[in-house]
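Chain residues, written in single-letter form:
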Amino acid sequence: MPTILILVALGFLISIGSSLWTEVLWFKSVGYENVFTTQLVTKIVLFVIGFVITAALVASSLLIAYRTRPIYAPVTAQQQNLDQYREAIEPLRKIAIFAVPAVLGLLAGTGAAGQWQTFLLWRNGSSFGTKDPQFNLDLSFFVFTLPWIRFLLGFFTMALVMALLAAAFTHYVYGGLQIQTRAERTTRATRTHLAILVAVLVLVRAATYWFDRYSLSVKDSTLLTGIRYTDANAVLPAKAILAVAAVMVAGIFVASIWTRSWRLPVVGVALLVITSLVVGNIYPALVQRFQVKPSEKSLEQPYIERSIKATRAAFGIESVKTTPYTATTEASQGQLRDDAETIPGIRLVDPIVVSPTFKQLQSVKSYYAFPDALDVDRYNVDGKVSDTVVAVRELDLAGVPLNQRNWLNDHTVYTHGYGVVAAYGNQRTADGEPVFYERNIPPTGKLGDYEPRVYFGEKSPSYSIVGGASGASPREFDYPDNSTAGQKNNTYAGKGGVALSSFARQAAYALKYRELNLLLSDAVTDNSRILDHREPLERVERVAPWLTPDGNPYPAVVDGRIQWIIDGYTTSADYPYSKLTEVDTATSDSVTARSSAVQAIGAGKVNYIRNSVKATVDAYDGSIKLYSWDDKDPVLKAWSKAFGNTVLPMSQISSDLMAHLRYPEDLFKVQRKILTKYHVTDAASFYGGQDFWEVPEDPAQEARNVDQPPYYLTLKMPEQAAAKFSLTTTFKPVGDRQVLSGFLAVDADAGRTAGQPSNDYGTLRLLELPKDSQVKGPGQVQNDIGSSNQTSAAFSLTLSQFLNNARQPGSSVTLGNLLTLPVGGGLLYVQPIYVSASSTTAFPLSRATVVAFGNKLAWSDTLDGALDGLFGGNSGATAGDSGTGGATTPTPTPSPSGTGGGSTPTPSPSSTGAANPAALAQALSDLQAAYAAGQEALRKNDFAAYGEAQKKLDDAIKRAVAASPKGGSATVSPSPSATTTTPAPSATTP
């Protein structure tokens, strides 16, 4: 048995040691060992202190009580009954004296270690430079010092209670404490011991009463967070009175040592309890009911003003630029002329919808995957900055054939993804596909040369063994090709991960992952490296545990490498008078409800938030960099000091990285949540609550009670000099009315200057509509779209017929993001409509675009066509989706029944007399065949075949135009009443 116990203990220690060592190796590999050691040392120190204090108090109570026991227990009936307990306890007494304090000390030490962040903030906190209006103390006292004081008071209260119970129990069992007889029978030693413990406990309680006064600054209520009239005029004096009373009671307990009576201490405790009830509860309740309630609006006004000011400062919305906006609802010809910069920035590709399309068109193999929610970024393409929908082609082991799944393949062969896929945000092909300007394997396109291999990503395996000896045959699958082997292999040459350069390291990781193959496989050598903890979000959380990361990391090609960019927030729940807000609720919307790639923040209630850090994770070597983004944030200063300045200065951000930094979504979601109420800055109006707003539900989703997400797009706000990449959202009044009450946009473009964001970055602009405005909100516009009888020149159906036909069995409709833009003196709504077949391999294609302005709605196969239809035939601006790469030919309605597809395209008489009659005849023959094949595919609900037929149709039309004489044209007539004329050969591609 001793041998077995020793072996078990050794195994346990070795397992813990291997886990600890692998953690040290990991942190050392990323250059953040200081973070690990700081955490570990702080936790150990706090644990030891908590353990020692608690164990010492409990052990001393047990020892003092035992050693001061009466030599002869009193001869009473009570003591005779206790004899049997004393006999039962005696054999275990020596063990209990050590075991009980040890167990209680472990519990207390664990609790103390859990407060390591509170301790470090208190230890490293600095001034905010702002004082609170009630106590005239710097805000750092409330954010850094008060939480630590509250913990200490709670800790000592707990430790003293345990010590008091241990002492009382021991004194009672051994006869020192007499309960059922006269108090005089209690020994002097017992009375002294218990009196001192209770006196210290009551003194701690007095301190608790005193510091509870400051804690009122973050007391939450339905009206506001912080001190209210009753708190200031009743609760604060009551807390001070109770603190003084508690000190007096502590003195009475000390005096009882000499009076040899419990009478006064018992009376003192009773009076303290009564005072607590009367002064601490009843009196404030009476003040609230009879003084405050009848005049609450006027009495609470100064406290509401405090709350408004503090909340707007704590959430970074104090400088929002609010502009009254009387939106017109009349649409007239040329109305968008002044918004020529904004219209091309309208994003027609919905990043939440097109993930299956990216997968079908660009995944190449089933073991490559894209996230279910793609990202929006900006890239300089052909000298012009373009909004881009971008995704990384990541490795997905679930797509590897089952007969190839084994430990060797999963962890040494399939190790990485490959390349970035990027599509224009405002273009689509004739078939409704995104227009890719970065695609394929190996990557081809306009992003230039970069390292395409993705070893660290959101879908990476838990761990991979990579690398090898120089000259050794590559083991890692790189990408499929047309060679004899059918694939290219690669050997990892980066410095990421931990080198498995010794048997000890290999054994440590074998224990960590409970995998014997790490010791037995020939794929693991002294030249191997192990890559683990590979998700970008997890890596940032590990090296910066004090940060709250944004729920949506996004990739960018920066300086020739794929970098994951993560926004990091510093938060607090102790900023005085600022409204406590559930950030997980505030950051939840329709995207987080249906996507696994985008998560809501799980930080609980906070009342202070700053985007203080921009973090990057290199997709190839996993290197992590934290850049300071708000160097004025006192919370960031405290953490930087605590962790040895692991946060790099903003000056080290390159111009290429700066070009891809954007205003974070989750911060914007929290700010818009706060602005639903705190756009009201007048205390009287705030109290009435008549002008409060709410974020509209996402009307494009069937699920209710999910907020509409904010949208990235390029637009020019009124009074703005030029169009900027922005993050936008809308507001509606509280209640069932679906009209628009406000529109918020923030300048999300950080610029392109190294080490310095643009001056306008982060500027919040709020358009506030009149209270009696009847401008339709997203819900009303979506209702109009679903029931519209509006026809289009590009289709033979009304909009509602188009949607109903596409929703019949065999196909389905997905409504894209309903964008809102303040253009033309009013509000323009734009929504792409996607159609897909109802099958597991189907993917959505953009088939139409709907626009709405005021009470008018139009739709077409292109945005340009829809806008021209909305604004009297000429909107005055060009979206650009009808030109090269855009929707160049009318697309028949993809009706499952084959109806509504339009008539056969025929050449106009002007195409006769061609310069190349044979080529023209062949092109026209191919055109007729392609159209017939498309119609047949529609009747069979085969949308893949339909897409191929449309490509052949487009090619045939181009060849027909090319073979026509100059000045000729070819006509495609979707219906007898709607004719679209293809441009002459000298014009753009039809």
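Preceding block: the structure.
The shown structure was predicted, so the numbers you read here are calculated from the model rather than taken from an experiment.

Colleague: Hey, could you run me through the packing of helix H11 (residues 301-314) against helix H21 (residues 665-678) in this one?
Modeller: Between two packed helices, the angle of one axis relative to the other and the distance separating the axes together describe the packing. Closest axis-to-axis distance for the H11/H21 pair is 11 Å, and the angle between their directions is 160 degrees. One way to sum up the angle between H11 and H21 is to call them roughly antiparallel. You can see that H11 and H21 cross each other, and the crossing is left-handed. Across the interface between the two elements, Ser 307, Ile 308, Thr 311 and Arg 312 of H11 pack against Ile 674, Leu 675 and Tyr 678 of H21. The class makeup of the residues in the contact of H11 with H21 is four nonpolar, two polar and one charged.

Colleague: Whenever I open this one, helix H23 (residues 778-787) confuses me. Can you help?
Modeller: Note: α-helices contain 3.6 residues per turn, so residues at a spacing of three or four share the same orientation. Residues of H23 that are buried include every one of Pro 778, Val 781, Gln 782 and Ile 785, and no others. Viewed end-on, H23 has its buried residues packed into an arc of 100 degrees, placing them on one side of the element. Contact partners of the buried residues in H23: strand S25 (724-733), helix H24 (799-806), strand S28 (811-815), strand S30 (828-837), strand S31 (845-853) and strand S32 (856-860).

Colleague: Got a minute to help me understand the pairing of S25 in this structure?
Modeller: On a regular strand, each side chain points to the face opposite its neighbour's, so the side chains alternate between the two faces of the sheet. Summarising burial for S25: nine of the ten residues are buried, a large majority. With two bridges joining them, strand S23 (residues 693-694) and S25 adopt antiparallel strand pairing. Directly across from Glu 694, in S25, lies its bridge partner Lys 732.

Colleague: Honestly, H24 in this entry has me stumped. Any pointers?
Modeller: Judged by how many residues are buried, H24 sits mostly within the fold: six of eight residues are covered. Looking at the buried positions of H24, the neighbouring elements they touch are H23, S28, S30, S31 and S32.

Colleague: Looking at this structure, how should I read the pattern of salt bridges?
Modeller: What the rule picks out here adds up to 30 salt bridges. Between Lys 614 and Asp 567 there is a salt bridge; the shortest N-O distance is 2.4 Å. One end of the pair, Lys 614, is in strand S21 (residues 608-618); the other, Asp 567, is in strand S18 (residues 561-572), with 47 residues separating them in the sequence. Asp 567 carries the same exposure label as Lys 614, and that label is buried. Between Lys 776 and Asp 784 there is a salt bridge; the shortest N-O distance is 2.6 Å.

Colleague: Please clarify how the sheet that holds strand S14 (residues 498-499) should be interpreted in this entry.
Modeller: Strands belonging to one sheet form pairs held by backbone hydrogen bonds; the direction of such a pair is parallel or antiparallel. Strand order in this open sheet of three strands is S11-S15-S14, and the pairing throughout is antiparallel. The open sheet terminates on both sides in strands that have one partner only, identified here as strand S11 (463-466) and S14.

Colleague: Help me understand the packing of aromatic side chains in this model?
Modeller: The way to describe two aromatic rings as a pair is by their centre distance and the angle between their planes. As enumerated under the stated definition, the model contains 44 aromatic pairs in all. For the ring pair Trp 693 and Phe 731, a centre distance of 5.1 Å and an interplane angle of 35 degrees mean the geometry is tilted. On the criterion of sequence distance, the pair formed by Trp 693 in strand S23 and Phe 731 in strand S25 is long-range, its members being 38 residues apart. Judged on exposure class, the residue Trp 693 and its partner Phe 731 are both buried. On the basis of an interplanar angle of 5 degrees and a centroid distance of 5.4 Å, the ring pair of Tyr 712 and Phe 725 is categorised as stacked. With Tyr 712 in strand S24 (residues 711-715) and Phe 725 in strand S25, the pair connects residues that are 13 residues apart, well separated along the chain. For Tyr 712, a relative accessible area of 4% puts it in the buried group.

Colleague: Can you help me understand the pairing of strand S7 (residues 420-428) in this one?
Modeller: With respect to burial, S7 is a largely interior element, nine of its nine residues being buried. Pairing analysis gives five bridges linking strand S4 (residues 384-392) to S7, with the strands arranged antiparallel. Bridging from a neighbouring strand, Thr 388 pairs with Tyr 424 of S7.

Colleague: What exactly am I supposed to notice about the nonpolar core here?
Modeller: Nonpolar side chains in soluble globular proteins generally cluster together in the buried interior. Judged by nonpolar contacts, the single largest core of 147 residues is most densely connected at Trp 546, Ile 624, Leu 626 and Leu 661. Looking at this core, the element that brings in the most residues is helix H6 (residues 139-173), giving 15 residues. Leu 626 has contacts with Tyr 32, Val 540, Val 543, Ala 544, Val 613, Lys 614, Ala 615, Thr 646, Val 647 and Leu 648, leaving out every residue within four places of it along the chain. Core analysis: the next-biggest nonpolar cluster, separate from the first, contains 52 residues, Leu 803, Phe 853, Leu 857 and Ala 877 among them.

Colleague: What's the story with the sheet that holds strand S3 (residues 375-381) in this structure? I'm lost.
Modeller: Strands sit in the order S3-S4-S7-S8-S9 across an open sheet of five strands; the sheet is antiparallel. Every interior strand has two partners, whereas the edge strands, S3 and strand S9 (444-445), have only one. In the sheet, strand S8 (residues 434-439) pairs with S9 via two bridges, with the strands oriented antiparallel. Bridged to Arg 439 within S9 is Thr 444.

Colleague: What is the right way to read unusual backbone geometry from this model?
Modeller: What is expected of a backbone is that most residues other than glycine have negative phi and most peptide bonds are trans. The amide bond that connects Ile 441 to the next residue, Pro 442, takes the cis arrangement and shows omega of -10 degrees. Secondary-structure assignment places Pro 442 in the loop between S8 and S9. Backbone geometry places Asn 440, a non-glycine residue, at a positive phi of 70 degrees. Among the structural elements, Asn 440 can be located in the loop between S8 and S9. Even without being a glycine, His 533 presents a positive backbone phi close to 50 degrees. Secondary-structure assignment places His 533 in the loop between strand S15 (529-532) and helix H16 (536-543).

Colleague: What should I look at first to understand the packing of helix H8 (residues 229-259) against helix H9 (residues 263-292) in this one?
Modeller: Across the interface, H8 lies against H9 with an axial gap of 9 Å and an inter-helix angle of 175 degrees. Between H8 and H9, the crossing angle belongs to the class labelled roughly antiparallel. Here the residues of the contact of H8 with H9 sort into 20 nonpolar, nine polar and no charged.

Colleague: Please explain the environment of Arg 86 as it appears in this structure.
Modeller: Note that Arg 86 resides in helix H3 (residues 77-89). We classify Arg 86 as buried; its relative accessible area is 12%. Taking C-alpha positions, Arg 86 is 45 Å from Gln 39, a pair spaced 47 residues apart along the chain.

Colleague: What's the story with the environment of Asp 864 in this structure? I'm lost.
Modeller: With respect to the helices and strands, the residue Asp 864 is situated in helix H25 (residues 863-870). Residue Asp 864 is classed as buried on the basis of its relative accessible area, which comes to 9%. With ten residues separating them along the chain, Asp 864 and Asn 874 place their C-alpha atoms 9.1 Å apart. Sequence-distant contacts of Asp 864, that is, excluding residues within four places in its chain, are made with Ala 877, Thr 878, Ala 879, Gly 880, Asp 881 and Ser 882.

Colleague: Would you mind going over a nonpolar patch on the surface with me for this structure?
Modeller: A cluster of nonpolar side chains, Val 267, Val 269, Leu 271, Val 273, Ile 274, Leu 277, Val 278, Ile 282, Leu 286 and Phe 290, forms an exposed patch at the surface whose accessible area comes to about 890 Å². Of note, Phe 290 is situated in helix H9. Residue Phe 290 is classed as exposed on the basis of its relative accessible area of 61%.

Colleague: Whenever I open this one, the side chain of Glu 300 confuses me. Can you help?
Modeller: Structurally, Glu 300 is set in the loop between helix H10 (296-299) and H11. Side-chain polar atoms of Glu 300 contact the backbone nitrogen of Tyr 229, separated by 3.2 Å.

Colleague: Can you help me understand the side chain of Arg 428 in this one?
Modeller: When you line up the elements, Arg 428 lands in strand S7. Buried charge without a partner: Arg 428 forms no salt bridge, and the closest opposite charge is Asp 861, 4.9 Å away. A distance of 3.3 Å separates a polar atom in the side chain of Arg 428 from the backbone oxygen of Ser 846.

Conventions adopted
- Residues numbered from 1 in each chain as written.
- Predicted model: local features only at pLDDT ≥ 70, side-chain atom pairs only at ≥ 80, totals over all residues.
- Heavy atoms only, no water.
- Axes fitted to C-alpha atoms, helices over the stretch in contact; angles between N-to-C directions.
- Helix = DSSP H or I, 4+ residues; strand = E, 2+ residues; numbered from the N terminus.
- Parallel < 35°, antiparallel > 145°, perpendicular 65-115°, else oblique.
- Left-handed = near helix turned anticlockwise from the far one by under 90°.
- Contact = heavy atoms within 4.5 Å.
- Nonpolar A, V, L, I, M, F, W, Y, C, P; charged D, E, K, R; others polar.
- Buried < 20%, exposed > 50% of the residue type's maximum accessible area, 1.4 Å probe, protein only.
- Arc of directions from axis to C-beta.
- Pairing = 2+ DSSP bridges.
- Salt bridge = Lys/Arg side-chain N within 4 Å of Asp/Glu carboxyl O.
- Phe/Tyr/Trp six-rings, centres within 6.5 Å; stacked < 30°, edge-to-face > 60°.
- Core = buried A, V, L, I, M, F, W, Y, C linked by side-chain atoms within 4.5 Å.
- Patch = residues over 30% accessible without salt bridge, like charges linked within 9 Å, V, L, I, M, F, W, Y side chains within 5 Å.
- Areas by Shrake-Rupley, 256 points an atom, 1.4 Å probe, with all protein chains shown as cover.
- Polar contact = N/O pair within 3.5 Å; in protein donor to acceptor, adjacent residues only side chain to side chain.
- Lys, Arg positive; Asp, Glu negative; His and termini not counted.

Read these as spatial facts, not as claims about activity.
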